[in-house]
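If you want the building blocks of each chain, they are given just below.
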Amino acid sequence: MEIIKTKFSDVLILKPKIFNDDRGYYVETFQEKKFKKLIGNINFIQDNESQSAYGVLRGFHFQEPPYTQAKLIRVVSGAIIDVIIDIKTDSETFGEMLMIKLDDINKEQLLIPRGYAHGFVAIEPDTIIQYKVDNDYAPKFESGIAFDSTNIDFREEIGHEEFILSEKDLKLKPFTEVGFFTSNEYKLNA
């Protein structure tokens, strides 16, 4: 597995080895010992999967302390433009964003540590993502940032003006109205 650094020092792209032959392919998506050796000790406790139609925009979500979550994201089928936003108030990159295309061809995974908001837009029909999290889901600690309060414009990526959003995501607050925390507060565990 190759580790690719991003503009955020703790956000990494994990590029797996893909073994192809006339039967199809094989790829190891997670192996705890290798992961801990390369990345460190993140104890993932839950796997999630979501399916999104073309043009679905999910995000930008995060959980507040003490229920913050690190995520390991991969696309099983289709493609997404994944976006993370640094929300650590004491970070030199606070408020900055990073866009990464993930798809089912290169099978790269995105490691998002605690202290980042996360969202994505599906750029292919019937896109399926899977992701691991390292803390419990806590609805009372859910938060998020309205997608249209950022300077990211997905319209060129998906080729049309309209997105499909959930009612919950339509009610998210602008970046300037959301409460954020320091790096140490995001590291707290429930």
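None of the values given here were measured: they were computed from a predicted structure.

**Section: the pattern of salt bridges**
- Within this structure, the stated rule accounts for nine salt bridges.
- The salt bridge partner of K7 is E96, with a shortest N-O separation of 3.4 Å. In this pair, K7 is assigned in the loop between β1 (2-5) and β2 (12-15) and E96 in the loop between β8 (79-86) and β9 (97-103), connecting sequence segments 89 residues apart.
- Its relative accessible area of 35% is what places E96 among the partly exposed residues.
- A salt bridge links K34 to E28; its shortest N-O distance comes to 3.2 Å.

**A closer look at the sheet that holds β8**
- The strand order across the open sheet built from five strands is β9-β8-β11-β6-β13, with neighbouring strands paired in antiparallel fashion. The two strands at the open ends of the sheet, each matched to only one other strand, are β9 and β13 (142-144). Averaged over all pairs of adjacent strands, the angle between strand axes in this sheet comes to 30°, irrespective of strand direction.
- Two elements, strand β6 (residues 57-63) and β13, share three bridges in a ladder whose sense is antiparallel. Bridging from a neighbouring strand, F62 pairs with S143 of β13.

**Brief notes about the side chain of N135**
- Summarising the element assignment, N135 is placed in the loop between β12 (127-133) and β13.
- A distance of 3.1 Å separates the side chain of N135 from the backbone oxygen of P66, its partner in a polar contact.
- Within the structure, the side chain of N135 is placed 3.0 Å from the backbone oxygen of T68, a separation counted as a polar contact.

**Topic: the packing of aromatic side chains**
- If you walk through the whole model with that rule in mind, you get twelve aromatic pairs.
- With 5.3 Å between their ring centres and 50° between their planes, F8 and Y116 make a pair best called tilted. Taken together, the residues F8 in the loop between β1 and β2 and Y116 in strand β11 (residues 116-122) connect sequence positions 108 residues apart.
- Look at F175 and F180: their rings are 5.0 Å apart centre to centre, the planes differ by 35°, and that puts the pair in the tilted class.
- Feature note: the residues F62, F94, F175 and F180 constitute an aromatic cluster, connected by ring pairs.
- Across from the ring centre of Y116, 3.7 Å away, lies the NZ or CZ of K88, which sits over that ring.

Conventions used here
- Residues numbered from 1 in each chain as written.
- Predicted model: local features only at pLDDT ≥ 70, side-chain atom pairs only at ≥ 80, totals over all residues.
- Heavy atoms only, no water.
- Salt bridge = Lys/Arg side-chain N within 4 Å of Asp/Glu carboxyl O.
- Helix = DSSP H or I, 4+ residues; strand = E, 2+ residues; numbered from the N terminus.
- Buried < 20%, exposed > 50% of the residue type's maximum accessible area, 1.4 Å probe, protein only.
- Pairing = 2+ DSSP bridges.
- Axes fitted to C-alpha atoms, helices over the stretch in contact; angles between N-to-C directions.
- Polar contact = N/O pair within 3.5 Å; in protein donor to acceptor, adjacent residues only side chain to side chain.
- Phe/Tyr/Trp six-rings, centres within 6.5 Å; stacked < 30°, edge-to-face > 60°.
- Lys NZ or Arg CZ within 6 Å of the ring centre and 35° of its normal.

Function cannot be read off these values alone, since they describe shape.
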